[in-house]
Every structure is written in C-alpha cells, then in structure tokens.
Protein chains: 2
Amino acid sequence: MPRASTGRTAPLPHVAILGGGFGGLWATRALRHAPVRVTLVDRANHHLFQPLLYQVATAGLSGPDIAAPLRHILRRQRNVTVWMDEVQGIDVAARRVTLMHGALDYDYLVVATGSGNTWFGHDGWARHATGLKTMDDALAIRRRILGAFEAAEREADPGRRAEWLTFVIIGAGPTGVELAGTLAEIAQHTLPREFRIADPRSARIHLVEAGPRVLASMPEALSAWSLKRLRRMGVEVHLKAAVTEVDDRGVALNDGARIATRTVLWAAGVAASPLGAQLGARCDRAGRVHVAPDLSLPAHPEVFVIGDLAHVEQAGELLPGLAPTAKQMGAHVARVIRARLRHRAPRPFRYRDYGTLATIGRNAAVVDLHGLKLTGLAAWWFWLVAHLFFLIGFRNRLIVMIDWAWSYLTWQRNARLIVGGGRGR
Amino acid sequence: MPRASTGRTAPLPHVAILGGGFGGLWATRALRHAPVRVTLVDRANHHLFQPLLYQVATAGLSGPDIAAPLRHILRRQRNVTVWMDEVQGIDVAARRVTLMHGALDYDYLVVATGSGNTWFGHDGWARHATGLKTMDDALAIRRRILGAFEAAEREADPGRRAEWLTFVIIGAGPTGVELAGTLAEIAQHTLPREFRIADPRSARIHLVEAGPRVLASMPEALSAWSLKRLRRMGVEVHLKAAVTEVDDRGVALNDGARIATRTVLWAAGVAASPLGAQLGARCDRAGRVHVAPDLSLPAHPEVFVIGDLAHVEQAGELLPGLAPTAKQMGAHVARVIRARLRHRAPRPFRYRDYGTLATIGRNAAVVDLHGLKLTGLAAWWFWLVAHLFFLIGFRNRLIVMIDWAWSYLTWQRNARLIVGGGRGR
C-alpha cells in the first residue's frame, strides 16, 4: 500500500533516493533548495564513512566515530523525509518502489544502493571469509581477530595455537592492504606484552592476491613501494595466487599450497547491488547498470543510477568505485533534476579525478595526484589530513583525532571490545 | 583435561579468580606483590564500567568508552594470566574449575561472577523486557530504543505509531531511573527536529515500580525529590504497581491497567550468578552465598565469594550490590590470602560506606553522604566528577569528558548507531 503522504497527488514532485551512502546523501543535500520533496531510504539508520571502516574492524576506532544518523545530518533540510527501511523491489513502469514496510511512488528515482561482497560463486566461502562492507561486517571482523588471539592464549596444543595466530586476507586492493598492515602492527606492537602463553609477535599475516601486484589501481612504482613496505612489516604477500578453497581450517591456493588458519578476511570481490537488475536496463558482468551520459536510464529518463552501481566510462575507462565518484554523481543528478524542472537540457556527467591514496601502516601511505607521487611519511600525513577533513561532523573529527593521536603515541587501540555474536567463539 | 601450566605441581600457589568485574579485578590487582600465580577468567575480554552502562544503552557513549580489555589493564602484572572463557562448573572437593575450553586446578578460588537479571520466574518476559547487565544488553537496548522511533516514523496508523512512541521501564532503582530520565531527554530534546511524521515529543515514558517509592535504597527525602523531578521531566511514574504480564504488545499492571507499547526495558530483578549454588554452601533466596566473616566458605576456607554473589550483613543489614562493595571485598580477599600464606590469622571484612548517589537527568542527581544530602545541580556535578574519576584509563576519561561536554552543549547523543540483531526490526 503506497503511503498517502508521498503519493503523486501532492503538489511538489517527489524524488525517492535509495541508499544513504556517499552518492545518495550527496544527491539529497544538493536538492536542498530544489522545489521537490525528497524521501531518502536506507536500511541502516546511519551514513557510514566507509574509507575508515577497516579501522573499526581492527579496533582502532569505535563504530560511532565514523557514522552519523542520516536524519541527524539532514535535520535542517526540511524537504527531506528519512526512512529506515529495506527496498524489496522497483517497478519502473509503475514508478513505484516496494519497501519491507510500505511503498513509495516517485516522480524521480535515484538508485544509489552501491555494492556488496561477492565470493565469485563460492557462497559457502562467505561463512569463513568475512567481507568488509557494513558496520556489522566491521564488528564481526573485530570479533574474529581479537577472538583468535584469545583462543591462541587458551590453546595448549602448539599446532592449533599457530593456526589461531595465522591470518589470511584475500585481495590486495586498498582494503586488503589496510587490513594486512594494521594486523601486522597489532601483532607486533599492540598486543605482545599482554599475553603470557601465546606470543602475538609470532603471528603470521598472509595477503593473497590473484593479480601480479598490490594496489593494482595505483601506478606501478607505488605498488612496488607498498609491496616492499608490507614485507618489511612482516606481511607475507602472495602474488598471482588464486584461492581455490576456503573452509574452517584454512585456505588452499592454486599453486597447491595450503595455509592453515582460523581467520580468513575477504577483500577480493565486489558485486553491484542486486537492485540494478530490476531496472530493466543493460548491466555489465559485475551487475553495474549502463547509464546515459546524464546518469539516467535511456528508457526511463526519470530514473538515475549513481555510485558503485553505475557503469560509467570516461576516456575509455570505467570510473572507479570510490567516494569522490559517488559524491560527484550525486551532485550531478541533483543538477539534472533541477534543470529538468526548469525544462532545460541537462549536461552530461564529467568525473573530475583529484587523485587516489591508500595507507599501509604507521607513517606509510601512497598518494597519486596526477604525476605528483608521494610515499611514506609525507603521504601518510596527506592521507590523515584528507580523511579527517572529509569525515562528517565536527565532533567525530575531534574524537577521531584524539583516538589517532593516542594510538600513535602509545601503539594502543581504543576499541578492543569483543561483543555480540557469541563471545565464546 | 587440566592445563599443565596451572597444575598444582608448580612452585607458587595458584589463585583462580572467576569474573573480571569490580570484585575480581580488584582482587587480582591487590595480589600483584603476593607470591602467587593468578588466573583471571571472564567470558568477556573486557572489564566493564557498569555504572555508565545505561549511557551506552541510551546512545550517549560508545561501548569502548566504558570498557577496557582485562589483559590490557593487567599487562604489567606479570603474575597474572587472563583467560577469556566460560565457567561450566566448580568442584570444591577436587579444587577444580571446569571451563568451556579446559579446566583449572586451584589452591585458592575467588568466585566473583556477580549477578544477572531475573524475571521472577516469568522467563517468557525476558524476550520482550530487555535487561541491562552486559555490553550486549546495552547494545540491544540501544537498538530497540532507536529502532522504535524509526518504526514510528514509518508507521501510517496513528494508534500503532503511539505504541512505538511508548516506552515502559520496569523497576525504579538507579538503573530504571537513569533509563527513564535519559529517554525523556532524548524524546524531548535530542530527536524532535529530526523527524517529519512521528513527533518524538509526544513519546510517553512509563516507569513502573512495585514498591512505594523510587530509589528505595536512598533516604526518603531524596526519593521524594527524585519522583518530583522525574514527573517534571514528563516521566509517568507508577508506584505500588506490580507487573502481571509482559508480551510483544504491552504490559499489564496489577490494578488492571494495560500499557500498549513495543519497547519494555527491565530494571527490576537481580539474581546472583548460578555458580553460587555449586559451592555447596548456604544461599539466600536471591542465590547469594552466605560467607564467613573473612568472606571464605565455612567448609572451604580456600574458597572466597565476593561482590554481588556474596551475602554479607553488617549491623544487621545486607551490604548493597554496588561497585565499592565489590572492590573492597576484592581487596580484602587478597589481604586474607596474603595473611594465610604467612600463617597469620586474617581479619574479618568491614565495609566502609562512603555514600551513594544516583542521577536522574541533566543537572539532576541525588547524593547521600551520611547526613550530607545533595540534590539537583550540585549533586549532578558531584556524580559527574565521581564517575569520571573512577572510570578506568586516562584515555577513556578524556573521551568520555569530551562526549559529555558535547552532549551537554548540543543535547546531542554521540552513539546513535543501530547495528546488529537484524536492522530491519
């Protein structure tokens, strides 16, 4: 049953925005002066600053440090209603979105539901190899990592203790590299004095990558620098190594090697949100939707797809699934809607690439700003300031800054809580 | 199979301490210079500052703000091993504790496993009326409270919306009063501008108490002041009202009234840990163990029971289940063990009561310091400074102070994250 308050009989056009990530939130904000009613739907109650999610997973930050309630962020924007609900289906012909708790009729639809993990058809692996996409994922990974050290301390058998002290991260993109580097620091610097039986310094961190280099989206020189740095930190990097099996006792690789471990983290595969397939448009192999130059669907100009879910090429290359891409697309879609309301022709979307960056560990990051390449300490400070700057909300920034300063000075991590999901395991 | 490293053949006497709350942690610390080996067992990896747990439940603080890993707190105390494990049974005749992942033989045993909730034989109520004892409880309550406002915003039917905006807290001891007062502030001040359909200011907060007054352990004048203050904040306080039924649609009271609500919080019944019953000693009706004047068991002087689990009377009154009681008992048991090792006679335990305090809301608390009674702003500052002072760890104190200052100035709450346990509900 559609909601009366959002029916099409109301005076202002109704824009439904699905997903409160960077794309959906930036589209919503850019519509603040437009003569429209906006409904923003997300299944979580918060916007998540995903670039720092790995720090929640590795107990450096607490969840609330990097997330803010969507309705709090948008409280002053009177033309927006925020709904915490889950999208069940989209009917582009009827211009209706079905939710778990109702339905929404729209005049314009912005689909910004992003991407999730894919285990490349091996859905059984998902149980053992935890992905990192949501806050729940991050807390699950934190539980597994800290729980593994606790289990090692309890374990009398040296063989099984070594399994608990072995960690395998699959995929050496930015997330995999961040997880591996941070885990190495935790094992070498944070935990050693606190254990009596297991020695965290004996922990082995394996980073498994199917391609020929780490951080494949970066220039080769930065990949090479990162690889050297990771190895110096004690991370065992396996390149051109495809995973053939994941179970509760370990990981098998295509060269026949087997790594015995109780903790596998998944940073390898990203698949577009399944909602893309419901739009009746052409999708690429990863499920991303091919859109027109203004980011609308060719057959349905009132429907837009943005962020990780959109397949947009520029100069022959697919735009990367990054926060800046999603933000720029969100802002663009708002401009298109405003132009259409004034019966003007919208301009095509143009992505402005300001550069990319990735962090490996303490004092170690790589930054690529179109020719200007930074590595090491300078890159790390650049990374730190950029992330603090973009983090939403003054208070979060302050707390994160204090948390980071504290961790930097003491090597400690502030969120080492094992909660939920059965503490015993 | 007992662990070799903790067998009785080792040179130093082995003290097993069960529970890392105030009692167990203080006993452990007080044994730091004693010629013993200590094993501290807790099913969580952290010590919890329970007096502030209600603030995590009401989204004012994040979990890591009020909890620190036990092994981090004790990292410098070389005679301690920390095990995260769950106690399955205690055999006082064999001097052995069975754990989920092994066993411990002891020379001295300190049982400090505290108390949990009891629903007074109505175990079915537990599903609807969430208690507040552990970090997981706090996060579950946070999920329910924030989720109820989200559900109200989605709800088209005014009757059902009112049910989502009704909250019932059962039990008007310190925890119940804190929850009710904070909920009233959230509804009146934190959320109003952020909702478009549901009006948080129309929320109704019911505090249900079977006895004749709130904060029954306080002097009558302070109870009366607190009652007036709660009512001024909009809390509907029901005194001499016993709950006869709790289900998923509401609460029934013994006067025949029924409150329709989707959110019931339980702050009424506390039962001692079931491990007390395994010690072969006399227990009171709540399951607390009667102990000798030095807190040991009459039939087993090598076994001590402390904290909420111990039944100790002084001047004819049962000692209260508070943090100071548990800390003092923990320190006392360490003194007794040290005395016994030197073949000296231990002194009986004497509780020093420094006073009690409770908070109701912003600028509103009550403090009873033996004759000196404070209410209102002065009491609130006293409460605030005392809690900051006793909070473990410099860094936590600093972050909590900033969080509190921020909340005080903005009325905002910093941890408004709905995570885990099925976000849709």
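Note that this is a predicted model, so its numbers are computed, not measured.

*Asks:* Would you mind showing me how to read the relation of the copies chain B and chain A here?
*Replies:* When chain B is fitted onto chain A, the two copies agree to an RMSD of 0.0 Å after a turn of 180° and an axial shift of 0.0 Å. The relationship between the two copies is best expressed as a two-fold rotation axis. Looking at the interface residues of chain B, 100% of them are also at the interface in chain A, so both copies use one shared face.

*Asks:* What is the right way to look at the environment of His238(B) in this model?
*Replies:* All names here are of chain B. Mapped onto the elements of the fold, histidine 238 is located in strand E14 (residues 235-238). A residue is classified by how much of its surface remains accessible, and histidine 238, at 23% relative accessible area, is partly exposed. Taking the C-alpha atoms as reference, histidine 238 lies 20 Å from aspartate 248; in sequence the two are 10 residues apart. When near neighbours in sequence (up to four residues on either side) are disregarded, histidine 238 contacts His206, Leu207, Val208, Glu209, Leu253 and Ile259.

*Asks:* Got a minute to help me understand a nonpolar patch on the surface in this structure?
*Replies:* Residue and element names in this part refer to chain B. Judged by side-chain polarity, Leu377, Trp381, Val385, Tyr408 and Leu409 come together as a nonpolar surface patch covering roughly 530 Å² of accessible area. Elements represented by at least two residues in the nonpolar patch include exactly helix H9 (376-390) and helix H10 (394-410). The leading source of residues in the nonpolar patch is H9, at 3 residues. Positionally, leucine 409 belongs in helix H10. Accessibility expressed as a relative area gives 69% for leucine 409, which makes it exposed.

*Asks:* What's the story with helix H1 (residues 22-30) of chain B in this structure? I'm lost.
*Replies:* Every α-helical turn comprises 3.6 residues, leaving residues that sit three or four positions apart pointing alike. All names here are of chain B. For H1, the tally of buried residues reaches 8 of 9 residues, placing the bulk of the element in the interior. Three or more residues of H1 are buried, namely Phe22, Gly23, Gly24, Leu25, Trp26, Ala27, Thr28 and Ala30. If you follow the buried residues of H1, they end up packed against strand E1 (14-18), strand E2 (37-42), strand E3 (46-48), helix H3 (70-73), strand E5 (80-84) and helix H8 (323-341).

*Asks:* What's the story with the confidence of the model for chain A in this structure? I'm lost.
*Replies:* Note that predicted coordinates carrying low pLDDT should not be read in detail. Confidence along chain A averages 93 in pLDDT terms, with 96% of residues attaining 70 or more. The model gives residues 1-9 of chain A a pLDDT under 50, and that stretch makes 23 contacts with residues more than four places away or in other chains.

*Asks:* Mind showing me how you'd approach the nonpolar core here?
*Replies:* One finds Ile90(A) and Phe149(A) to be the most contacted residues of the largest nonpolar core, which totals 122 residues. Per-element accounting of this core gives the leading share, 8 residues, to helix H4 (residues 135-154) of chain A. Ignoring sequence-local partners within four residues, the contact set of Ile90(A) consists of Leu18(A), Arg96(A), Tyr106(A), Leu109(A), Val111(A), Leu275(A), Gln278(A) and Leu279(A). Within the second largest apolar cluster, 121 residues are counted, among which are Ile73(B), Val80(B), Phe167(B) and Leu309(B).

*Asks:* Mind showing me how you'd approach the pattern of salt bridges here?
*Replies:* The final tally for this structure, using the stated rule, is 28 salt bridges over all chains. As a salt-bridge pair, Arg262(A) and Glu163(A) come within 3.0 Å of each other at their nearest N and O atoms. Here Arg262(A), found in the loop between strand E17 (258-260) and strand E18 (263-266), pairs with Glu163(A), found in helix H5 (residues 158-164); they are 99 residues apart in sequence, far enough to count as distant. In the salt-bridge network here, residues are joined through shared partners; they are Arg71(A), Glu150(B) and Glu153(B).

*Asks:* Even after reading the chapter, I still don't get the sheet that holds strand E6 (residues 87-91) of chain A, so can you show me in this structure?
*Replies:* In a beta sheet, neighbouring strands pair by backbone hydrogen bonds and run either parallel or antiparallel. Residue and element names in this part refer to chain A. Strand order in the open sheet formed by 3 strands is E6-E7-E8, with antiparallel pairing between adjacent strands. The sheet terminates laterally at E6 and strand E8 (102-105), the two strands that pair on one side only. Within the sheet, the average angular offset between the axes of one strand and its neighbour, ignoring direction, is 20°.

*Asks:* Would you mind showing me how to read the packing of helix H10 (residues 394-410) of chain A against H10(B) here?
*Replies:* How two helices pack is summed up by the angle between their axes together with the distance between the axes. It is the contact of H10(A) with H10(B), at a shortest axis distance of 11 Å, that shows an interaxial angle of 170°. When the axes of H10(A) and H10(B) are compared, the pair comes out roughly antiparallel. Touching Phe394(A), Arg395(A), Leu398(A), Ile399(A), Ile402(A), Asp403(A) and Trp406(A) of H10(A) are Phe394(B), Arg395(B), Leu398(B), Ile399(B), Ile402(B), Asp403(B) and Trp406(B), all from H10(B). Of the residues contributing to the contact of H10(A) with H10(B), the split by class is 10 nonpolar, no polar and 4 charged.

*Asks:* I tried to follow the sheet that holds strand E18 (residues 263-266) of chain B on my own but got confused; where do I start?
*Replies:* Residue and element names in this part refer to chain B. Taken in spatial order, the 5 strands line up as E11-E18-E12-E13-E14 in an open sheet, and their pairing is parallel. A strand with exactly one partner marks an edge of an open sheet, and here the two such strands are strand E11 (129-131) and E14. Averaged over all pairs of adjacent strands, the angle between strand axes in this sheet comes to 25°, irrespective of strand direction. Pairing of strand E12 (residues 166-170) with strand E13 (residues 204-208), which is carried by 5 bridges, proceeds in the parallel orientation. Counted as the bridge partner of isoleucine 170 is valine 208 from E13. Contacts from helix H4 (residues 135-154) reach E11, E12 and E18, with the element oriented near 140° to E11. Across the sheet, helix H7 (residues 220-232) lies against E13 and E14, angled at about 135° from E14, the strand it touches most.

*Asks:* I keep staring at the environment of His33(A) and nothing clicks. Help me out?
*Replies:* By the secondary structure assignment, His33(A) is in the loop between helix H1 (22-30) and strand E2 (37-42). Between the C-alpha atoms of His33(A) and Gln77(A), which are 44 residues apart in sequence, the distance is 8.8 Å.

*Asks:* I keep staring at the packing of H1(B) against H8(B) and nothing clicks. Help me out?
*Replies:* All names here are of chain B. Following both chains from N to C, one finds H1 and H8 inclined at 35°, their axes separated by 7 Å at the closest point. When you trace H1 past H8, the crossing you get is right-handed. Each of Phe22, Gly23, Trp26, Ala27 and Ala30 in H1 lies in contact with H8, whose residues at this interface are Ala323, Ala326, Lys327, Gly330, Ala331, Ala334 and Arg338. Residues that form the contact of H1 with H8 fall into these classes: 8 nonpolar, 2 polar and 2 charged.

*Asks:* It is not clear to me how the environment of Phe304(B) should be interpreted in this structure. Could you clarify?
*Replies:* Residues and elements named next belong to chain B. Following the sequence through the fold, phenylalanine 304 ends up in strand E22 (residues 300-305). Here phenylalanine 304 falls in the buried class, since its relative accessible area comes to 0%. Spatially, the C-alpha atom of phenylalanine 304 lies 13 Å from that of threonine 28, the residues being 276 residues apart in sequence. Discounting chain neighbours no more than four positions away, the residues touching phenylalanine 304 are Tyr108, Leu109, Val110, Val111, Asp294, Leu295, Ser296, Val333, Val336, Ile337 and Arg340.

*Asks:* Any chance you could explain unusual backbone geometry here in plain terms?
*Replies:* The residue His343(A) is not glycine, and still its phi comes out positive at about 60°. Locating His343(A) in the fold gives a position in the loop between helix H8 (323-341) and strand E26 (356-361). With a phi angle near 50°, Lys240(B) is a residue other than glycine that sits in the positive phi range. Structurally, Lys240(B) can be placed in the loop between E14 and strand E15 (243-247).

*Asks:* Which parts of the structure should I look at to understand the side chain of Ser223(B)?
*Replies:* If you trace the backbone, Ser223(B) turns up in helix H7. Contact partners of Ser223(B), with chain neighbours within four places excluded, come to Arg213(B), Val214(B), Leu215(B) and Met218(B).

*Asks:* I keep staring at H8(B) and nothing clicks. Help me out?
*Replies:* All names here are of chain B. Its 19 residues give H8 an end-to-end C-alpha distance of 27 Å, which sits within 8% of 27 Å, the value for a rise of 1.5 Å per residue. Residues Thr325, Ala326, Lys327, Gln328, Met329, Gly330, His332, Val333, Ala334, Val336, Ile337 and Ala339 constitute the buried set of H8. Contacts made by the buried residues of H8 are with E1, H1, strand E9 (108-111), E22, strand E23 (310-311) and H9. Count one or two residues on from H8 and you reach histidine 343, which has phi positive near 60°.

*Asks:* Just checking my understanding: could you explain the side chain of His332(B) for this structure?
*Replies:* Residue and element names in this part refer to chain B. Within the secondary structure, histidine 332 is located in helix H8. On the basis of relative accessible area, histidine 332 is assigned to the buried category, the value being 4%. With sequence-adjacent residues up to four places away left out, histidine 332 is seen in contact with Asp294, Leu295, Arg347, Pro348 and Phe349.

*Asks:* Explain the pairing of E2(A) here, please?
*Replies:* Working note: regular strand, side chains alternate between the two faces of the sheet. Residues and elements named next belong to chain A. Of all 6 residues making up E2, 6 are buried, and the element is well covered by its neighbours. Covered by surrounding structure in E2 are Arg37, Thr39 and Val41 together with Val38, Leu40 and Asp42, the residues of both alternating faces. Pairing of strand E1 (residues 14-18) with E2 involves 5 bridges; the strand directions are parallel. In the strand pairing of E2, histidine 14 is matched with arginine 37. A crossover connection joins E1 to the parallel E2 through H1; in handedness this β-α-β unit is right-handed. Here E2 pairs with strand E5 (residues 80-84) via 5 bridges, running parallel. Counted as the bridge partner of valine 38 is valine 80 from E5.

Thresholds, definitions, all that
Residues numbered from 1 in each chain as written. Chains lettered and ligands numbered in written order. Predicted model: local features only at pLDDT ≥ 70, side-chain atom pairs only at ≥ 80, totals over all residues. Heavy atoms only, no water. Least-squares fit on C-alpha atoms with pLDDT ≥ 70 in both. Contact = heavy atoms within 4.5 Å. Helix = DSSP H or I, 4+ residues; strand = E, 2+ residues; numbered from the N terminus. Buried < 20%, exposed > 50% of the residue type's maximum accessible area, 1.4 Å probe, protein only. Patch = residues over 30% accessible without salt bridge, like charges linked within 9 Å, V, L, I, M, F, W, Y side chains within 5 Å. Areas by Shrake-Rupley, 256 points an atom, 1.4 Å probe, with all protein chains shown as cover. Salt bridge = Lys/Arg side-chain N within 4 Å of Asp/Glu carboxyl O. pLDDT = per-residue confidence, 0-100. Core = buried A, V, L, I, M, F, W, Y, C linked by side-chain atoms within 4.5 Å. Pairing = 2+ DSSP bridges. Axes fitted to C-alpha atoms, helices over the stretch in contact; angles between N-to-C directions. Parallel < 35°, antiparallel > 145°, perpendicular 65-115°, else oblique. Nonpolar A, V, L, I, M, F, W, Y, C, P; charged D, E, K, R; others polar. Left-handed = near helix turned anticlockwise from the far one by under 90°. Expected span 1.5 Å × (residues − 1). Right-handed = clockwise from strand over helix to strand, strands pointing away.

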